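Structure at a glance
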Protein chains: 2
Amino acid sequence: MAVGFHILADLYGVDPQLLKYVRPLKHIFESSISQAGLTKITSHYHQFTPFGVSGTILIEESHVSFHTWPEYELITLDIYTCGDREMAEDAFERLIDALKPKRIETKRIERGVLVEVQEAVVESPSNSERSLGADR
Amino acid sequence: MAVGFHILADLYGVDPQLLKYVRPLKHIFESSISQAGLTKITSHYHQFTPFGVSGTILIEESHVSFHTWPEYELITLDIYTCGDREMAEDAFERLIDALKPKRIETKRIERGVLVEVQEAVVESPSNSERSLGADR
């Protein structure tokens, strides 16, 4: 069992006009997040000079963050959820639809993997009628 | 060449008293970040009920984020920098020193890898005196 699910994506070949300033990125990220059913707590965006943006969006389900390099037509983004994975994938699809990259590098990583203790079941006549371990 | 360097770490066996509330975590993260030479722009922490904390710290060099599960003695954290990798490693070491986990799972990932165009150098007398490609 993992407590978190983390999508890491680097999007190449994005229209640099979308990546320069806070306003379009704020709209794209916040609408994708809310339309996917995720719940924003707070968000912050930083405008670099002359262009380039970093953003962190704290959500009830964990966080979303991104950083842009308009000069390379590049944005890297992270979606981390401790909730429903489908919602994270939905938000990711909406971001892709809005940003329209030519190429995507994606990793999906389970975070905080908890080891479950499994009891061994020894097959022998003496314990054949006993119920050992968790149900499967 | 990669524009970003990302440390993902899941820390197990951390004292749950450290992981329940904002105050000690804010102190640990903000002091580790500043002592490592990274520059905070803004930070936000969310207190879950009855306990558990999420935090995002936007830094000039990109971001730091974390989520805690005191009931599992677990914190997962991310340090993402587009700057000096040594500073990111320094901040990470300081966080480990403060949180004292019994076990750590760490991944280090390059983000936004730019493909460099390399010119082929054909060995032949006709081009032996020409300088091709970038300096190494």
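Notes on the structure follow. Owing to the predicted nature of the structure, the values given are computational and were not obtained by experimental measurement.

When chain B is fitted onto chain A, the two copies agree to an RMSD of 0.0 Å after a turn of 180° and an axial shift of 0.0 Å. In symmetry terms, the pair is related by a two-fold rotation axis. Of the C-alpha atoms belonging to chain B, the one lying closest to the rotation axis is found on Thr56 of chain B, 3.4 Å away. Of the residues that chain B buries at the interface, 100% are likewise interface residues in chain A, meaning the two copies contact each other through the same surface.

The next subject is helix α3 (residues 85–99) of chain A. Residues and elements named next belong to chain A. Under the 1.5 Å per step criterion, the end-to-end length of α3 is 21 Å for 15 residues, consistent within 8% with the ideal 21 Å. The set of residues buried in α3 consists of Ala88, Glu89, Ala91, Phe92, Leu95, Ile96 and Leu99. Buried residues in α3, looked at end-on, bunch into an arc of 160°, giving them a common side. In α3, the exposed positions angled more than 90 degrees off the buried face are occupied by Glu86, Glu93 and Asp97. On its buried face, α3 sits against β1 (2–12), α1 (16–19), α2 (22–35), β5 (74–81) and β6 (103–113). Measuring from the side-chain oxygen of the N-cap residue of α3 to the backbone nitrogen of Glu86 gives 3.1 Å; that N-cap residue is Asp84. The positive-phi residue at the C-terminal boundary of α3 is Lys100, with phi of around 50°.

Of the residues lining the interface, 38 residues belong to chain B; the matching set on chain A comes to 38 residues. Area buried by chain B at its contact with chain A is led by Thr56, Leu58 and Arg111 of chain B, which between them contribute 17% of it. Here chain B is connected to chain A by four salt bridges. For the pair chain B and chain A, the number of links is 19 residue pairs in polar contact (both at pLDDT 80 or more). Mapped by element, the contributors of at least two residues to the side of chain B that touches chain A are β1 (2–12), β2 (40–47), β3 (53–59), β4 (62–69), β5 (74–81) and β6 (103–113) of chain B. Split into classes, the residues belonging to the side of chain B that touches chain A amount to 18 nonpolar, 13 polar and seven charged.

About the cut-offs
- Residues numbered from 1 in each chain as written.
- Chains lettered and ligands numbered in written order.
- Predicted model: local features only at pLDDT ≥ 70, side-chain atom pairs only at ≥ 80, totals over all residues.
- Heavy atoms only, no water.
- Least-squares fit on C-alpha atoms with pLDDT ≥ 70 in both.
- Contact = heavy atoms within 4.5 Å.
- Helix = DSSP H or I, 4+ residues; strand = E, 2+ residues; numbered from the N terminus.
- Expected span 1.5 Å × (residues − 1).
- Buried < 20%, exposed > 50% of the residue type's maximum accessible area, 1.4 Å probe, protein only.
- Arc of directions from axis to C-beta.
- Polar contact = N/O pair within 3.5 Å; in protein donor to acceptor, adjacent residues only side chain to side chain.
- Buried area = accessible area lost by both parts, 1.4 Å probe.
- Salt bridge = Lys/Arg side-chain N within 4 Å of Asp/Glu carboxyl O.
- Nonpolar A, V, L, I, M, F, W, Y, C, P; charged D, E, K, R; others polar.

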